[in-house]
Amino acid sequence: MSVRSIEWHDGKVRFLDQSKLPANEVYIETDDETVVARAIKSLALRGAPLIGIAAGYGFVLAFGRLKSDDARSISTCIERTTHLFTSTRPTAVNLFWAVNRMRHTAIDSTGKSMDAIHANLLAEAIAIHTEDEEKCRIIGQLGAGLLPNAASVLTHCNTGSLATGGDGTAQSILKVAWEQKKLKHVYIDETRPLLQGARLTAWELQRLRIPCTLITDSTAAFLLQQGKVNAIVVGADRITLNGDVANKVGTYGLAVMATYHEIPFYVAAPTSTVDFEMETGREIPIEQRSGTELTKIGEYQIAPAGVDVYSPAFDVTPHELITAIVTEREVLRKPYRDALEALRGQNLSALSQKGPSAGHAG
Ligand code: MRU
C-alpha cells in the first residue's frame, strides 16, 4: 500500500518524519509553518514534488496565524513565508513553483476577509497536492508502456509516495509495471550519503511487495556489465529547457553507464519539475550537504574528524544521455528543447511565471 506522506488534518499539517525511517514510523502534526520549513531543511520531508506540497500547506499555516487582514500585514506575511520556504533547499524547482502559486493566491485574495483568504489558500494547497497525485498516476501509466516484458530495472534515490503527493514518479512507473505483470525485479541503489534508496525505496517496495534487491551505488556498473538490468528509471529535481536533469547525486554516473551499455535511461517527473526559465543544467543551483553526513553514520565516526569533504546533494545529467523524459503530459523525446518549448506553449506553468517571482535559489 502507498503511504500518505503528508496531509491536511483538522487545521494542521500531518506528515511522516522520513528521517526516522525505516526504524520508526513517526508522524508529526503541527500548526506552525516553521516546523514544516525545518522538516524540509532536515529532509524529514523530502523529494521534489513533496517539498512543494509541504510549502503549500506551510503558507496556509502562516496565514492561519495572522491576526489582521490589512494589506500591509498580508504583504509582510507573503514575503516572510516566501523567504522561509525558498531558503530551505535550492535545487528542486517544484518548491519555487508551489511557493509562487501560493503567493499569487494570497495576492489575488488581498482585500477579502481573513477567512476567505485562508479558504483560498487551503484550496490552492490542496489543489497542488491532488494535482500531483493525478500526475503521478499518469506518469506511471505512460512510463510503464516504455518497459519491456519481464523488465529488470535499476533505480536511484527515492521517487515514491514518500517523495510525492501520489504513487511517485519513477516509482509509479515501477508500481504500474508490476500491476501489469511486466516488471520482474528492481535493483535499488542505496544512494549515499543519506541512503534514500536503502532506507526509503526498499521500505516502500517491500510494502508494495515488489521483488527488489539493494546494492551499493558502486555495484551499479558491474550489474549492468552482467546484463542484469534492461532499463534505468530515475526521478528529477529540476529539468532545464534543453532537457538537462538535476537529480540525486549519482544519477549522472548511471546515465553514463547506461549509454555505454546501451540500456535505456528514463527520467520521470511532473511538469512542475521543469524550469521553463532556465536554459541549461549549468545554471542549476546545487545544494551542498554537510561533511558530517559522509564522515559519520549516525553517531559513529567512519572518517577522521576534520577531513575535507565535498558533498553535492545533486548532479546534472546532460540531455543527450537521456532516452526519454516521462511527464504527465506526454513522453518527451529528443530534441528536448523543441519538446519542452512546445509544452511551454501549452502555458502549463503560467502560474509559476505570473507576477513577481519567488526567485530560484535560496
Ligand atoms: O535530497 P532528496 O531526498 O530530496 O532528493 C530526492 C531526489 O533526488 C529524487 O530523486 C527526486 O526528488 C525525484 S522525487 C519524485
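As a further point, take the confidence of the model for the protein chain. In this model, the protein chain carries an average pLDDT of 94, and 96% of its residues clear a pLDDT of 70 or more. Within the protein chain, no element has a lower average pLDDT than helix H12 (residues 350-353), which sits at 40, and none a higher one than strand E10 (residues 265-268), at 99. A low-confidence stretch, residues 349-362 stays under pLDDT 50, and its non-local contacts, those more than four residues away or across chains, total 39 contacts.

Turning next to the layout of surface pockets. A volume near 400 Å³ is recorded for the largest pocket. As for the largest pocket, its lining consists of 15 residues, and the residues nearest its centre are Pro-193, Leu-194, Arg-199, Glu-293 and Gly-298. Among the secondary structure elements, those contributing two or more residues to the lining of the largest pocket are helix H7 (196-208), helix H10 (292-295) and strand E12 (296-297). For the lining of the largest pocket, the per-class residue count stands at 5 nonpolar, 5 polar and 5 charged.

Next up on the list: the packing of aromatic side chains. Tallying each qualifying case throughout the model produces 1 aromatic pair. Taking NZ or CZ as reference, Arg-14 lies 4.2 Å from the ring centre of Tyr-27, over its face. The ring of Phe-314 carries the charged tip of Lys-248 above its face, separated from the ring centre by 4.3 Å.

Another point: the pairing of strand E6 (residues 212-215). Taken together, the 4 bridges between strand E5 (residues 183-189) and E6 define a ladder with parallel strand orientation. Counterpart to Ile-188 in the pairing with E6 is Leu-214. The handedness of the E5 to E6 crossover, carried by H7, is right-handed.

For the structure on display, the rule yields 20 salt bridges. In this structure, the salt-bridge partner of Arg-4 is Glu-133, at a minimum N-O distance of 3.6 Å. Placement of the pair is Arg-4 in the segment before strand E1 (6-9) and Glu-133 in helix H5 (residues 114-144), with a sequence separation of 129 residues. In this structure Arg-4 comes out as partly exposed when scored by relative accessible area, which is 36%. Classification of Glu-133 by relative accessible area gives partly exposed; the value is 35%. Its salt-bridge partner being Arg-238, residue Asp-275 comes within 2.6 Å of it at the nearest N-O pair. Here Asp-275 is found in strand E11 (residues 274-275), whereas its partner Arg-238 is found in strand E8 (residues 238-240), with 37 residues between them in sequence. Comparing Asp-275 with Arg-238 shows no difference in burial state: the two are buried.

Here we take up the site of the ligand. The full set close to the ligand counts 19 residues, and Arg-46, Arg-89, Asp-237, Asn-247 and Lys-248 are the nearest of them. Between the ligand and Arg-46, the relevant distance is 2.5 Å, taken from an oxygen atom to a side-chain nitrogen or oxygen of the residue. Between Lys-248 and the ligand, the recorded distance is 2.7 Å, taken from a side-chain N or O atom to an oxygen atom. Expressed as a share of its isolated accessible area of 410 Å², the protein-covered part of the ligand is 99%.

Cut-offs and rules
Residues numbered from 1 in each chain as written. Predicted model: local features only at pLDDT ≥ 70, side-chain atom pairs only at ≥ 80, totals over all residues. Heavy atoms only, no water. pLDDT = per-residue confidence, 0-100. Helix = DSSP H or I, 4+ residues; strand = E, 2+ residues; numbered from the N terminus. Contact = heavy atoms within 4.5 Å. 1 Å grid on protein atoms, 1.4 Å probe; cavity = no way out; pocket = protein on both sides within 12 Å on 5 of 7 lines; lining within 4 Å. Points joined across faces, edges and corners; volume = space filled by probe spheres on them. Nonpolar A, V, L, I, M, F, W, Y, C, P; charged D, E, K, R; others polar. Phe/Tyr/Trp six-rings, centres within 6.5 Å; stacked < 30°, edge-to-face > 60°. Lys NZ or Arg CZ within 6 Å of the ring centre and 35° of its normal. Pairing = 2+ DSSP bridges. Right-handed = clockwise from strand over helix to strand, strands pointing away. Salt bridge = Lys/Arg side-chain N within 4 Å of Asp/Glu carboxyl O. Buried < 20%, exposed > 50% of the residue type's maximum accessible area, 1.4 Å probe, protein only. Near = heavy atom within 4 Å. Polar contact = N/O pair within 3.5 Å; in protein donor to acceptor, adjacent residues only side chain to side chain. Areas by Shrake-Rupley, 256 points an atom, 1.4 Å probe, with all protein chains shown as cover.

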